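Structural features, examined
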Amino acid sequence: MATEALRLEGIDTYYGDSHVLHGLGFTLQAGRLLGLLGRNGAGKTTCMSTIMGFLKPRNGQVALFGEPVAGLMPETIARKGICLVPQGRRVFRSLTVEENLMVAGLPAKNGGGRPWNLDRVFELFPRLKERHAQVAGSLSGGEQQMLAIGRALMGNPRVLLMDEPSEGLAPQIVTEVGRTIAQLKAEGLSIVLVEQNIKLTLNLADDIVIINTGRVAFSGRADEVQIDSPIVAQHLGVF
Ligand SMILES: Nc1ncnc2c1ncn2[C@@H]1O[C@H](COP(=O)(O)OP(=O)(O)OP(=O)(O)O)[C@@H](O)[C@H]1O
Ligand SMILES: [Mg+2]
């Protein structure tokens, strides 16, 4: 039987009285890539924040390889092996590339394969190695995105969450980021990719979940979804 890397069940998340996620649930199988799609404001980032423990769900469960993690501190959840590439990159602009990576380091977990460290991140992103002593604020958008991905990998994730890694990047950089994501998946990492770039997501994902106003509107295999299908027009098309 396939191993469940991450399972969300019946998640209700609020900001104060504002109810944003309504009984949200989906499952990421180990070694697969799940594309999480939805319009602006659908609740994608809220979902990532709930998984990471930045927001506590009022109801529902989050399980990491079968172990319940909802309600734990973000630091504990990260140590258990869920790492996030945050929307908008959020690198420390006044720290160097190397410092940004070093402060994100967490020990490798059992069964996690070859551990991530500075050398391995520099192997994946030679451009970051060249710029290791440069402050992150002076990097290009694409380089900052690579650094944000590198920071998440330094946490030695068992499940990697990526929140809109293609946002605001030039087309050829999006292609480059896409290649990196494909490489991480090929190495066996379990990934949730949050995107508004439908084409990129359909190219990379095994499974697709579409959320609309905090509810799952579609869940299925990526090869069941075509870019011109009614489900895409209904839930992701512009108004
Ligand atoms: N800190 C907050 N306080 C109150 N409401 C919030 C907060 N953050 C987000 N929301 C609301 O929650 C809903 C979901 O927002 P969220 O950021 O999760 O959407 P998203 O799918 O990530 O959108 P985008 O594609 O624009 O990043 C929106 O209605 C938003 O206005
Ligand atoms: Mg978002």
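Residues numbered from 1 in each chain as written. Chains lettered and ligands numbered in written order. Predicted model: local features only at pLDDT ≥ 70, side-chain atom pairs only at ≥ 80, totals over all residues. Heavy atoms only, no water.

A few words now on the overall build of the protein. Along its length, the protein carries nine helices and 10 strands. Taken over C-alpha atoms, the radius of gyration comes to 17 Å for the protein, in line with the 18 Å a tight globule of 239 residues would show. Its C-alpha atoms give the protein principal-axis dimensions of roughly 45 × 40 × 40 Å. Residues counted as buried form 51% of the 239 residues belonging to the protein. Sequence separation of 24 or more characterises 68% of the internal contacts of the protein that already satisfy a separation of 6 or more. Taking the average location of the 24 positive side-chain charges in the protein and that of its 23 negative ones, the two points are 2 Å from each other. (Helix = DSSP H or I, 4+ residues; strand = E, 2+ residues; numbered from the N terminus. Rg over C-alpha atoms; globule rule 2.2 N^0.38 Å. Buried < 20%, exposed > 50% of the residue type's maximum accessible area, 1.4 Å probe, protein only. Contact = heavy atoms within 4.5 Å. Lys, Arg positive; Asp, Glu negative; His and termini not counted. Charge placed at Lys NZ, Arg CZ, Asp CG, Glu CD.)

Ordered by their spatial adjacency, four strands build an open sheet running E2-E1-E4-E5, and the pairing between neighbours is antiparallel. A strand with exactly one partner marks an edge of an open sheet, and here the two such strands are strand E2 (18-29) and strand E5 (67-68). Those strands touched by helix H1 (residues 44-52) are strand E1 (4-15), E2 and strand E4 (59-64), and its axis lies near 110 degrees from that of E1. (Pairing = 2+ DSSP bridges. Axes fitted to C-alpha atoms, helices over the stretch in contact; angles between N-to-C directions.)

This part is about the site of ligand 1. Near ligand 1, the surroundings consist of 13 residues, among which Asn40, Lys44, Thr45, Thr46 and Gln196 are the closest. Tyr15 has a polar side-chain atom sitting 3.4 Å from a nitrogen atom of ligand 1. At a separation of 2.5 Å, an oxygen atom of ligand 1 approaches a polar side-chain atom of Thr46. A per-element tally of the shell around ligand 1 places H1 first, with three residues. (Near = heavy atom within 4 Å. Polar contact = N/O pair within 3.5 Å; in protein donor to acceptor, adjacent residues only side chain to side chain.)

So, about the packing of helix H6 (residues 141-154) against helix H7 (residues 171-186). Where H6 contacts H7, the two axes come as close as 10 Å, and the packing angle between them is 15 degrees. One finds that H6 runs roughly parallel with respect to H7. In the crossing of H6 with H7, the sense of the turn from one axis to the other is right-handed. In contact with Gly142, Gln145, Met146, Ile149 and Leu153 of H6, H7 contributes Ile173, Glu176, Val177 and Leu184. Of the residues belonging to the contact of H6 with H7, the class tally is six nonpolar, two polar and one charged. (Parallel < 35°, antiparallel > 145°, perpendicular 65-115°, else oblique. Left-handed = near helix turned anticlockwise from the far one by under 90°. Nonpolar A, V, L, I, M, F, W, Y, C, P; charged D, E, K, R; others polar.)

All right, on to the environment of Cys47 then. Structurally, Cys47 is set in helix H1. In this structure, Cys47 is in contact with Leu8, Leu21, Leu24, Phe26 and Leu36, ignoring residues within four places of it in sequence.

Turning our attention to the side chain of Asp163. By secondary structure assignment, the location of Asp163 is in strand E7 (residues 159-163). Despite its burial, Asp163 remains without a salt bridge, the nearest opposite charge being carried by Lys44 at 6.5 Å. Of note is the side chain of Asp163, whose polar atom sits 2.7 Å from the side chain of Thr45. Asp163 has contacts with Thr45, Met48, Leu84, Val85, Pro86, Gln87 and Val194, leaving out every residue within four places of it along the chain. (Salt bridge = Lys/Arg side-chain N within 4 Å of Asp/Glu carboxyl O.)

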